[in-house]
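As a plain string of letters, each chain reads:
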Amino acid sequence: MSDKITLQTKLSYGLGALGKDFACAPIYTFLMFYFTDVAGISAAFVGTIFLAARIVDAVTDPLMGVIVDNTRSRFGKFRPWIVIGTILNSVVLIALFCTHMFEGTTLYIYAAAAYILWGLTYTIMDIPYWSLIPALSSSRPEREKLVVWPRIFASFAWFITGTYGLHIVGKLGNGDQGAGFLDAAMLIVVLFILSAFLVFRNVKETVKVDTTTKAERFSFKDVLSVIGKNDQLKALIGSILFFQMAILLIGGAAIYYFTYVLGNKDLFPAYMMVAGIAEIVGIFLFPRIANMLPRQYLWPLAVGFPLISCLILYFMGLFVPGNIAMIGVAGAAIKFGNGIANGLSTVMLADVVDYGEYKTGRRSESIIFSVQTMLVKFAGAGGGFIVGIGLSLVGYVPNVEQSAHTMMGIEFMMIGLPAMMMLISGIIYRRYYRLHDGFNKEDFEKEEPEGKTVSA
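Residues numbered from 1 in each chain as written. Predicted model: local features only at pLDDT ≥ 70, side-chain atom pairs only at ≥ 80, totals over all residues. Heavy atoms only, no water.

- Per an unreviewed UniProt entry, the chain is named Melibiose:sodium transporter MelB, and its organism is Photobacterium angustum.
- Its UniProt record gives the chain a comment under Subcellular location (unreviewed entry), which states: "Cell membrane". (UniProt positions renumbered as here; feature names shortened; annotations may be inferred.)

1. Some details on the overall build of the chain
Moving on, step 1. Of regular secondary structure, the chain possesses 15 helices and zero strands.
Moving on, step 2. The buried share among the 456 residues of the chain stands at 57%.
Moving on, step 3. Nonlocal contacts in the chain, meaning residues at least 24 apart in sequence, comprise 85% of its contacts between residues at least 6 apart.
Moving on, step 4. Total accessible area on the chain is roughly 18400 Å²; 66% of this is exposed by carbon and sulfur atoms. (Helix = DSSP H or I, 4+ residues; strand = E, 2+ residues; numbered from the N terminus. Buried < 20%, exposed > 50% of the residue type's maximum accessible area, 1.4 Å probe, protein only. Contact = heavy atoms within 4.5 Å. Areas by Shrake-Rupley, 256 points an atom, 1.4 Å probe, with all protein chains shown as cover.)

2. Quick look at the pattern of salt bridges
Moving on, step 1. Scanning the entire structure with this criterion turns up five salt bridges.
Moving on, step 2. Ionic pairing is found between Asp 21 and Lys 20, a salt bridge with its closest N-O pair at 3.2 Å.
Moving on, step 3. Take Asp 21: its relative accessible area is 8%, and that puts it in the buried class.
Moving on, step 4. Looking at Lys 20, the relative accessible area reads 4%, which means it is buried.
Moving on, step 5. The network of salt bridges with common partners includes Lys 20, Asp 21 and Asp 126. (Salt bridge = Lys/Arg side-chain N within 4 Å of Asp/Glu carboxyl O.)

3. Overview of a nonpolar patch on the surface
Moving on, step 1. A cluster of nonpolar residues, Tyr 164, Ile 168, Leu 172, Leu 187, Met 273, Ile 277 and Val 281, forms a patch on the protein surface that exposes about 560 Å² of accessible area.
Moving on, step 2. Elements represented by at least two residues in the nonpolar patch include exactly helix H6 (140-173) and helix H10 (267-292).
Moving on, step 3. Within the fold, Leu 187 resides in helix H7 (residues 177-202). (Patch = residues over 30% accessible without salt bridge, like charges linked within 9 Å, V, L, I, M, F, W, Y side chains within 5 Å.)

4. Here's the deal with the packing of aromatic side chains
Moving on, step 1. Going through the model one piece at a time under the given rule, you end up with 29 aromatic pairs.
Moving on, step 2. Residues Tyr 13 and Tyr 129 carry aromatic rings whose centres are separated by 4.3 Å and whose planes lie at 10 degrees to one another, so their mutual orientation is stacked. Here Tyr 13, found in helix H1 (residues 7-38), pairs with Tyr 129, found in helix H4 (residues 104-131); they are 116 residues apart in sequence, far enough to count as distant. In this structure, Tyr 13 and Tyr 129 share a single accessibility class: buried.
Moving on, step 3. Put simply, the rings of Tyr 28, Phe 50, Tyr 115, Trp 118, Tyr 122 and Trp 158 touch in pairs and so form one group of aromatic residues.
Moving on, step 4. Here Arg 79 stacks its cationic end above the ring of Phe 200, 5.1 Å away from the centre of that ring.
Moving on, step 5. For the cation-ring pair, Arg 151 lies above Trp 130, with the distance from its terminal atom to the ring centre recorded as 4.3 Å. (Phe/Tyr/Trp six-rings, centres within 6.5 Å; stacked < 30°, edge-to-face > 60°. Lys NZ or Arg CZ within 6 Å of the ring centre and 35° of its normal.)

5. As for the environment of Pro 134
Moving on, step 1. By the element assignment, Pro 134 lies in helix H5 (residues 133-136).
Moving on, step 2. Along the backbone, Pro 134 and Leu 349 are 215 residues apart, and their C-alpha atoms lie at a distance of 9.0 Å.

6. Topic: the packing of H1 against helix H9 (residues 231-261)
Moving on, step 1. Interhelical geometry of H1 versus H9 gives an angle of 50 degrees and a closest axis separation of 8 Å. Classified by the angle between their axes, H1 and H9 sit oblique to one another. Taken as a pair, H1 and H9 cross one another with a handedness that is right-handed. Across from Tyr 28, Thr 29, Phe 30, Met 32, Phe 33, Thr 36 and Asp 37 in H1, the residues of H9 making contact are Leu 248, Gly 251, Ile 255, Tyr 256 and Tyr 260.
Moving on, step 2. Tallied by class, the residues present in the contact of H1 with H9 amount to eight nonpolar, three polar and one charged. (Axes fitted to C-alpha atoms, helices over the stretch in contact; angles between N-to-C directions. Parallel < 35°, antiparallel > 145°, perpendicular 65-115°, else oblique. Left-handed = near helix turned anticlockwise from the far one by under 90°. Nonpolar A, V, L, I, M, F, W, Y, C, P; charged D, E, K, R; others polar.)

Printed below as a string of structure tokens:
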């Protein structure tokens, strides 16, 4: 395997992330708001379908990993699925933002079906996209340089969505948010499809798939073996899940927090703008930070910045509610940490692929990287479920002034609960994760009990 990754590959791979994250950022940022305040669906129902969809994903995401790992074509095993998944997900994305056109029972059934289909079709594209990384280089430094590109472009998509999303929706719909969301989805789909074909053309696996001989096949039962025998994958799952759930919980609660608790919805795009810039900086600096600090300190560092953000918002609420400077610093802190975590988690998953091959004797990039897709969606669903059920429990009513009890509940979902989740993420990482400097076979062979052999 060639270790060097070309600039054309890096740029094309990054632009692929720009398109695909423009397609998912509105879902994680605005779909709860769209369902509750535009389509008129109850918050509790929205939270429930978010969680139900992830139960489906618990089966379909690893299954997609199996399908990709069993694919053998002259275009490789990843790129054909990226194009197929993008086209399918584009159709569903437009359909999802037609939800406001329905009423009554049909509205609820349509919303649930469209959201579940969105998750299924996004899986088809996202898993092979990220699974490409271990197939592009065996060098950890090259992988660290590569992940900066998709993560920066992805962060830019989230930055534009969070900062200007509602403004763009308003302009496109001329004040009709339902029409605005649908028009925005149509524009996104164009970029999404173009970016997928760019990846298909320019991002190619270094190791070619032999299409003339029969491959060792993966079954769904193998998924349990791949995950069950890989203790480092399980440690990483716990660390990433709690981290991302905290991040996405904040993202889901933020629009309600700024609109109703602080009483100024214009603070939301300001917060997202500063946060988006900080995330791009965090990802850009990630390789340099990784070279400066021992690897075991990087995840605690990523966790520490969001904790600082929560503390800043808490004290701001106590002493200077709505202070724009403190809001900006809080937004910068959480997303700078998230930028580091995004770069680091992708590299760690690539390391876990190498470690998993050592433990099981089989290389299963797509099965393992299916975990990343599943974790992000589970985190988004978990955050959405908490926000949806939480809003109902604290008595939230859309588009009216909220009670003190309701505002306190929203504040807890924005600050208190995410801080607890971040602490849990740091504890799991510190206690169980060991691949701080990547996978080194010799180091792990020393740890095996005498007489025990491991497939390599």
